[in-house]
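Structural characterization, general
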Amino acid sequence: MTKVTAQLSVSVDGFYAGPRFEGDGNWMDSAESAGFFRVTRWATEASAWRERQGFAGGEEDTNSEVIAESFGAAGAYVMGRRMADGGEAPWGEEPPFRAPVFVVTHRPRQTLLRGGGTSFTYVTDGVASAVEQARAVAGGKNVAVAGGGSLVRQVIKAGLLDELELHVVPVVLGTGLRLFDADLDLGDKEAIELTPTRVLHTPQVTHIRYDVNGRAPLVLDDRGRGGGPTTTTN
């Protein structure tokens, strides 16, 4: 059965990149880039990632197996326009996705056809439409939300995400682009509940996979008296 999944590399304090890069200049020299490449170093050193980029070498280890598994499970992708625009040149004529990609955007653009089975379709009527279009062509495989973090939050906020995998890197960035923020529009006594389904630890990163159970009220517990959670009234 097709699931909508997302994965992101984050620091221990929850950042997936450094402070957002704005204006002129080279993104590669920015603080955003420095943070991003630190938390994704585990991936760029893995042989499965390097093979998808057309590079030789890399480590054959658990991290590489996680990446290979992720690529193999995805039948289609959804991503944000900023990520798609930023990756267009580096990915070249044969991007690593090898599947249809649906780009959430406010700016229309004709579909881009690339080698290896990758195409980029620009969707202007919202994230739910992009996910539905991706699901229709995924062939029973997963719809992978490729990012960035703001798009992952939109998918979670819309209640569309089934599975989330966080790759937690042992570094504290202190500031930057945070995966989870106030724009999830949770109520004062509301949370999004997750169920851990797999934890894989390596020296470079800990991979934690969750089922996303959706929104639920926060309730008081009984402070250890043995009766379990208690409901409250306003």
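The rules we used
- Residues numbered from 1 in each chain as written.
- Predicted model: local features only at pLDDT ≥ 70, side-chain atom pairs only at ≥ 80, totals over all residues.
- Heavy atoms only, no water.
- Buried < 20%, exposed > 50% of the residue type's maximum accessible area, 1.4 Å probe, protein only.
- Helix = DSSP H or I, 4+ residues; strand = E, 2+ residues; numbered from the N terminus.
- Core = buried A, V, L, I, M, F, W, Y, C linked by side-chain atoms within 4.5 Å.
- Contact = heavy atoms within 4.5 Å.
- Pairing = 2+ DSSP bridges.
- Axes fitted to C-alpha atoms, helices over the stretch in contact; angles between N-to-C directions.

Going by what an unreviewed UniProt entry lists, the protein chain is known as Dihydrofolate reductase family protein and is assigned to Micromonospora zamorensis.

On to helix α7 (residues 149–157). Within the span of α7, buried status applies to Gly-149, Leu-151, Val-152, Arg-153, Val-155 and Ile-156. Just beyond α7, the residue with positive phi is Gly-159, at close to 75°.

Ranked by size, the top nonpolar core spans 31 residues in total, and within it Val-4, Tyr-16, Val-78, Val-145, Leu-161 and Leu-179 carry the most contacts. For Val-4, the contacting residues outside a window of four places in its chain are Val-131, Arg-135, Val-143, Val-145, Val-155, Leu-160, Leu-161, Asp-162 and Glu-163.

Moving on to the sheet that holds strand β11 (residues 206–217). The nine strands lie next to each other as β5-β6-β4-β3-β7-β1-β8-β11-β10, forming an open sheet whose pairing is mixed. In the strand order of this sheet, the two ends are held by β5 (112–113) and β10 (190–201), each with one partner. In this structure, strand β3 (residues 74–80) lies alongside strand β4 (residues 100–104), joined through four bridges in parallel fashion. If you follow Val-78 over to β4, its bridge partner there is Phe-102. Sitting on the sheet, α7 touches β1 (4–11), β3, β4, β7 (142–147), β10 and β11, and the angle it makes with β7 is about 135°.

Where burial is concerned, most of strand β6 (residues 119–123) is hidden: five out of the five residues are buried. Two strands pair when backbone bridges link them, and β4 and β6 are joined in this way by five bridges, in the parallel orientation. Along β6, the bridge assignment pairs Phe-102 with Thr-121. Summarising the sheet, β5 and β6 pair through two bridges and their orientation is antiparallel. When the sheet's bridge partners are listed, Leu-113 is paired in β6 with Ser-119.

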